[in-house]
Amino acid sequence: MNKKTLKILLSLFALNSITLYLYFSSHPDHFRHNFPKNHYITTGNRFSSSENHPNLHSSVVSQSKPWPILPSYLPWSQNPNVGWRSCEGYFGNGFTRKIDLLKTSPEIHRKFGENRDSGGGGGWFRCFFSETLQSSICEGGVIRMNPEKILMSKGGEKLEKVIGRGEEEELPIFENGAFEIEVNERTKIGKKLADENFLNKYLPEGEISKHTMRELIDSIRLVGANDFHCSEWIEEPSLLITRFEYANLFHTVTDWYSAYAASRVTGLPSRPHLVFVDGHCETQLEETWRALFSSLTYAKNFSGPVCFRHAILSPLGYETALFKGLSESIDCIGAPAHDLWQNPNDRKTARLSEFGEMIRAAFGFPVDRQNIPRTVTGPNVLFVRREDYLAHPRHGGKVQSRLSNEQEVFDSIKSWSLNHTECKLNVINGLFAHMSMKEQVRAIQDASVIVGAHGAGLTHIVSAAPKAIILEIISSEYRRPHFALIAQWKGLEYHPIDLEGSYADPPVVIDKLSSILRSLAC
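Per chain, residue numbering runs from 1 following the sequence as it is written. Local features in this predicted model are restricted to residues whose pLDDT is 70 or higher, and side-chain atom pairs enter the listing and the counts only when it is 80 or higher, whereas totals over whole chains, interfaces and linings include all residues. In computing side-chain properties, one takes all heavy atoms of the structure into account and sets aside hydrogens as well as water.

**Student:** Sorry if this is basic, but what is going on with the pairing of strand β9 (residues 220-224) here?
**Tutor:** Within a regular strand, side chains alternate between the sheet's two faces. Relative accessibility decides the category of a residue: with a 1.4 Å probe and only protein chains considered, values under 20% of the type maximum give buried, values over 50% give exposed, and everything between is partly exposed. Each helix is a run of H or I in the DSSP string that is no shorter than four residues. Each strand is a run of E no shorter than two, and both are numbered from the N terminus. Of all five residues that make up β9, five are buried, and the element is covered over most of its length. Covered by surrounding structure in β9 are Ile 220, Leu 222 and Gly 224 together with Arg 221 and Val 223, the residues of both alternating faces.

This is the structure we're talking about:
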């Protein structure tokens, strides 16, 4: 081999080494996600990779997913001047009143101490209360969960294996001591964390018949270090969540939003892990839960007492603005985050757009497109369909029709689009019940116009592109404001077609759709 050839080989080797270094240094998650995806690093945990790597330290290797870069993101920092019933109060960080129930510096416990098998300096617990939403986001450290003291079904089963199971079996009942916090002060040992006055003031039941977050906190007891034993430690921040209408997309979106807001309000440096403190079976919607957050498990999947270095409790979905807006006036209008950064306005918000971008980014979709999404051949018109499917153990598999001639309307639009001469149209048959959650989000984000009868599937418009247009067909029995409000809060153009019954005249729908497309120069 001559010198010239040797120099070329050495140069190629050096170039390849530099390229590999730059790639892996810019993709640190490549190393993090070689561990089991459904569980996260603990000590003494059957789920932990420490069984195969006994010297692994969780402060060195993290399995938490980083927050994505979102164009509509605005800081969630504490601002005591957030106005009551302002848009930020409803949708952002209106949790301005901090209440310390157990005061030990949380910063100490967010770091990994030398003795990772105990709480060390004792636990802490605090809540942030929103006057606007009348709810709290709470967090604490050195908290033990005793699954045997939470009465409910195991959860996470395949739907076909639990057909007929009652809802009361799936919702948790917390016995005294279901959750415990380590304390060092002898005068506190054996006492409850929160009294009735605190619960009534900062976790009011309101219209909620079973307030599981309130009941969980009511179960918390304070114990001494000698009685604080854990079969496993969860070192990274974890969200403890109880779901109610877990198979319904609208109600699940309220839970997603509440979990996202709680993560931001508490300033988590990366996306938390999830623990479902309920006994619901597995659903299609868990695909999005897993995409949004770092991992997912069920409380009853733990075999013994499990301790959390940092646990967060998010409000129930019923306490979000998305749900409260159905019964009270929330006069907010969606606006670009850039505009609000320069000119803050209490009557405008970019929070719902931020949340929609979070969902799209969680599935790996781009979030920086500002124009109406178009394919090479023309705009997409997405028709969101309502289909029969088995939703949960007590469901008969039949969905209630909101549009009696839905197939006729879709076929008419499809036929009309083939002869539409102004531009090429792509009419998409949105059979969401037979699509993965990722495919559903992709269809929504790629749509220029989203058409559909009133139904939970339209809740996906939270992930729609900034200039998407919504056309909702509303039967006389379902004149509800769900999707008009979401469109308003996102700043989307919205058009309703109100029916006298449940039958839609196809020419009327096509005429309205044609008018919308003309506004798009199509």
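Okay, back to it.
**Student:** In this structure, what is going on with the state of the cysteines? I would like to understand it.
**Tutor:** Cysteine pairs can be covalently joined through their sulfur atoms, and such a bond is termed a disulfide. What counts as a disulfide here is a pair of cysteine sulfur atoms lying within 2.5 Å. Tallied over the full model, the rule gives four disulfides. Through a disulfide, Cys 87 is tied to Cys 332; the S-S separation comes to 2.2 Å. A torsion of -115° about the S-S bond marks the disulfide between Cys 87 and Cys 332 as left-handed. With Cys 87 in helix α3 (residues 87-91) and Cys 332 in the loop between α10 (321-324) and β16 (333-334), this residue pair connects regions lying 245 residues apart in the sequence. Here Cys 87 and Cys 332 have matching classes, each one buried. Each sulfur in the disulfide pair Cys 423 and Cys 522 lies 1.4 Å from the other. On the criterion of sequence distance, the pair formed by Cys 423 in the loop between α13 (406-418) and β19 (426-430) and Cys 522 in the segment after α16 (506-519) is long-range, its members being 99 residues apart. Each member of the pair, Cys 423 together with Cys 522, is buried. Disulfide connectivity for the chain, with bonded cysteines indexed by sequence position, reads 1-6, 2-3, 4-5, 7-8.

**Student:** Where do I start with unusual backbone geometry in this structure?
**Tutor:** Excluding glycine, a negative phi dihedral is what most residues carry, and trans is how most peptide bonds are arranged. One non-glycine residue, Arg 85, lies in positive phi territory at about 60°. Examined against the element boundaries, Arg 85 turns out to sit in the loop between β1 (42-43) and α3. Residue Arg 85 is classed as partly exposed on the basis of its relative accessible area, which comes to 30%. Here Ala 521, not a glycine, exhibits a phi torsion of approximately 60°, which is positive. With respect to the helices, strands and loops of the structure, Ala 521 is situated in the segment after α16.

**Student:** Can you walk me through the packing of aromatic side chains in this structure?
**Tutor:** Any two aromatic rings considered together are summarised by their centre-to-centre distance and by the angle between their planes. Here is the rule: rings of Phe, Tyr and Trp (six-membered ring for Trp) pair when centre to centre is within 6.5 Å. Planes less than 30 degrees apart are stacked, more than 60 are edge-to-face, and the remainder are tilted. Scanning all chains against the criterion turns up 17 aromatic pairs. Their ring planes at 50° and their centres at 5.7 Å tell us that Phe 244 and Tyr 318 sit as a pair that is tilted. Of this pair, Phe 244 sits in the loop between β11 (238-241) and α8 (249-265) while Tyr 318 sits in the loop between β15 (311-313) and α10; the two residues are 74 residues apart in sequence, bridging distant segments of the chain. A relative accessible area of 11% places Phe 244 in the buried class. Exposure remark for Tyr 318: the relative accessible area of 22% places this residue in the partly exposed category. Aromatic pair Tyr 260 and Phe 355: ring centres 6.1 Å apart, planes at 45°, arrangement tilted. With a gap of 95 residues between them, Tyr 260 in helix α8 and Phe 355 in helix α12 (residues 351-362) connect regions that are remote in the sequence.

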